[in-house]
Amino acid sequence: MEKCPICRARWRDQTVTCRRCGADLSHVIKHFELGKQLEHRAVNHLLRGEKKLARKCIKRANLLHTSEFSKILVSFLSR
């Protein structure tokens, strides 16, 4: 996560409170991290040849955190 989802201020110091608007970002950070973990699981499933499980993980990851990498993975797994 690079910016606060409330005010779009840069998020640099890894704090749980936005420096500009004071929003509590702990839940956002938690979901962001879970999305990244699901991306890693998807890759691991794909490496083991478990395409169906990889597709399930990356779809869940995209609900929590969409990245360029996850978009590419979804496109690849949709074939």
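A short tour of the structure in this document, coming up. Every residue gets a number counted from 1 within its own chain, in the order that chain's sequence is written. Where totals are concerned, whole chains, interfaces and linings use all residues; where local detail is concerned, this predicted model gives features only for residues with pLDDT of at least 70, and gives and counts side-chain atom pairs only at 80 or more. Hydrogen atoms and water are omitted, and side-chain values are computed over all heavy atoms in the structure.

## Observations concerning the packing of helix 2 (residues 51-64) against helix 3 (residues 68-77)
To characterise two packed helices, one gives the angle between the axes of the helices and the distance between these axes. Between N-to-C directions, angles span 0 to 180 degrees; the directions come from axes that are lines fitted to C-alpha atoms, helices contributing only their stretch in contact. For the purposes of this entry, the term helix denotes a DSSP run of H or I that reaches at least four residues, the term strand denotes a run of E that reaches at least two, and both are numbered from the N terminus. Viewed as axis vectors pointing N to C, helix 2 and helix 3 meet at an angle of 145°, and their least axial separation amounts to 10 Å. Of the two possible hands of crossing, helix 2 and helix 3 adopt the one that is left-handed. Two secondary-structure elements touch here, helix 2 through Lys51, Ala54, Arg55, Ile58 and Asn62 and helix 3 through Ser70, Leu73, Val74 and Leu77. Taken together, the residues that form the contact of helix 2 with helix 3 break down as five nonpolar, two polar and two charged. Helix crossings are classified by the rotation of the near helix relative to the far one: an anticlockwise turn of less than a right angle makes the crossing left-handed, while a clockwise turn makes it right-handed. Whether two residues are in contact is decided by their heavy atoms: any pair within 4.5 Å suffices. Three residue categories are used. Nonpolar comprises Ala, Val, Leu, Ile, Met, Phe, Trp, Tyr, Cys and Pro, charged comprises Asp, Glu, Lys and Arg, and polar comprises the others, including Gly.

## Quick look at the pattern of salt bridges
By convention in these notes, a salt bridge is any Lys or Arg side-chain nitrogen within 4 Å of a carboxyl oxygen on Asp or Glu. Using the criterion set out here, one finds three salt bridges in the structure. We note a salt bridge from glutamate 50 to arginine 48, for which the minimum N-O separation is 3.2 Å. On the basis of relative accessibility, which here comes to 28%, the residue glutamate 50 falls in the partly exposed class. Three labels apply to residues, based on accessible area from a 1.4 Å probe with only protein chains included: buried if under 20% of the type maximum, exposed if over 50%, partly exposed otherwise in between. Judged by its relative accessible area of 55%, arginine 48 is exposed. Between glutamate 68 and lysine 71 there is a salt bridge whose closest N-O contact spans 3.4 Å. Of this pair, glutamate 68 and lysine 71 both sit in helix 3, three residues apart, which is roughly one turn of the helix. By relative accessible area, which is 55% here, glutamate 68 ends up exposed.

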